[in-house]
Structure formats: structure tokens, C-alpha cells
Amino acid sequence: MRWDEKAACKSADTEIFFGKWFEAEAKSICAECPVKTLCLQAALDMEGGEPRNLRYGVRGGKTPTERWRISKGHQVPPGIRGTTSRRCVKCGTLMESVGNSRQYCDDCQAERGRERDREYRARKKAAA
Ligand code: SF4
Ligand SMILES: [Zn+2]
């Protein structure tokens, strides 16, 4: 069974989820929803690194602004994994990292560390 078949909003008026006036009402439906975390993760995955104004509706109990903040690594709810889709500046690998500050993927980051290590040792050797 797909997770969205268990959605509490399945029979609800979609207007509630997309109209700003009904935000509280939408959130109260989400609060009781058994697939809230999956729904929020799906929304974050789909939206990737989108700016705030390109996110729509309440999903997984969160407003567009709240999801945008989560995508930046702020107040990430339990059970939610990395949300910001960024590419490593060196190799171009897509990274699913919470927060927006990572420039390198794990491999490239490790390689950079080793490089710096080698440079450091070479300098030390030259100075000795
Ligand atoms: S969390 Fe909210 S938007 Fe998501 S499936 Fe449940 S009720 Fe619908
Ligand atoms: Zn990389």
C-alpha cells in the first residue's frame, strides 16, 4: 500500500491545504495523520532546495515557510533526514544534507583533508 493511501487528508477539501486562511485547520488534520513524517519527507525531497516562494500548501503538518526553514537545517523534526539538495562543488554529486553550508560531498571532503595533511607534512619536512 502506498503511504498516501493512509493520508488523513484523502477526503478533505484541498482548499484547506492550499488556502492561507485555513492553515490552522490543515495543520490539525495533519497532526492526526498516520503518515505525517513520510508526507513531510516526500514534500522536502520534491522541493529540494527551492526558495520559500516556490513551495505551496501545508504538507506533513508544515507550511511552505516552515519547510523552507527545515530545508536550511532549522528545527528539523525527528525522523526527517537531509533535505537540501546541493551538488558537491568538486565532483557534482547530489548531496542530501541538512543545512545549506556544505560545499563538498563526504568523499571530496575526506580527500581535501588528506590533501591538507600531505601539504602540512611536506611543509614540515621542508622546514626540518
Ligand atoms: S500529513 Fe497532512 S498533508 Fe500529509 S498526508 Fe497527512 S494529512 Fe495529508
Ligand atoms: Zn564530491
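What counts, and at which threshold
Residues numbered from 1 in each chain as written. Chains lettered and ligands numbered in written order. Predicted model: local features only at pLDDT ≥ 70, side-chain atom pairs only at ≥ 80, totals over all residues. Helix = DSSP H or I, 4+ residues; strand = E, 2+ residues; numbered from the N terminus. Rg over C-alpha atoms; globule rule 2.2 N^0.38 Å. Buried ≥ 20, exposed ≤ 12 C-beta atoms within 10 Å, placed from the backbone. Contact = placed C-beta atoms within 7 Å. Near = placed C-beta within 6 Å. Nonpolar A, V, L, I, M, F, W, Y, C, P; charged D, E, K, R; others polar. Domains from an automatic or database assignment. Core = buried A, V, L, I, M, F, W, Y, C linked by C-beta atoms within 7 Å.

Can you help me understand the overall build of the protein chain in this one?
Looking only at helices and strands, one finds 5 helices and 2 strands in the protein chain. Taken from the N to the C terminus, the helices and strands of the protein chain come in the order α-α-α-α-β-β-α. In summary, the protein chain has a C-alpha radius of gyration of 21 Å against a globular reference of 14 Å for 128 residues, an excess of more than 25%. Overall size of the protein chain, expressed as C-alpha extent along the three principal axes, is 75 × 30 × 20 Å. For the protein chain, the residues scored as buried account for 18% of the 128 residues in total. Residue pairs in contact within the protein chain that sit at least 24 positions apart in sequence constitute 39% of those at least 6 positions apart.

What is the right way to read the site of ligand 1 from this model?
In the region of ligand 1, the neighbouring residues are Ala7, Ala8, Cys9, Ile29, Cys30, Cys33, Val35, Lys36, Cys39, Arg59, Gly60 and Gly61. Within the residue set of the shell around ligand 1, elements represented by two or more residues are α2 (23-31) and α3 (36-47). Looking at side-chain class alone, the shell around ligand 1 contains 8 nonpolar, 2 polar and 2 charged residues.

Teacher, can you tell me more about the domain arrangement of the protein chain here?
Interfaces are often sized by the amount of accessible area the parts lose when they come together. The assigned domain composition of the protein chain is domain 1 (1-79) and domain 2 (82-128). Just the C-alpha atoms count here: the centres of domain 1 and domain 2 sit 33 Å apart.

How should I be thinking about the nonpolar core in this particular structure?
As a rule of thumb, nonpolar side chains are buried together in soluble globular proteins. Formed by Cys39, Leu40, Ala43, Leu44 and Ile70, the largest nonpolar core amounts to 5 residues. At 4 residues, the largest contribution of residues to this core is made by α3.

How should I be thinking about unusual backbone geometry in this particular structure?
Negative phi values dominate among residues other than glycine, just as trans dominates among peptide bonds. For glutamine 75, which is not glycine, the phi dihedral falls at a positive 45°. When you line up the elements, glutamine 75 lands in the loop between α4 (64-71) and β1 (84-87). A tally of 10 C-beta atoms within 10 Å means that glutamine 75 is categorised as exposed.

Any chance you could explain the environment of alanine 43 here in plain terms?
Structurally, alanine 43 can be placed in helix α3. Overall, the presence of 21 C-beta atoms within 10 Å leaves alanine 43 in the buried class. Taking C-alpha positions, alanine 43 is 9.7 Å from tyrosine 56, a pair spaced 13 residues apart along the chain. Residues within four places of alanine 43 in sequence aside, it is in contact with Arg59, Gly60 and Arg67.

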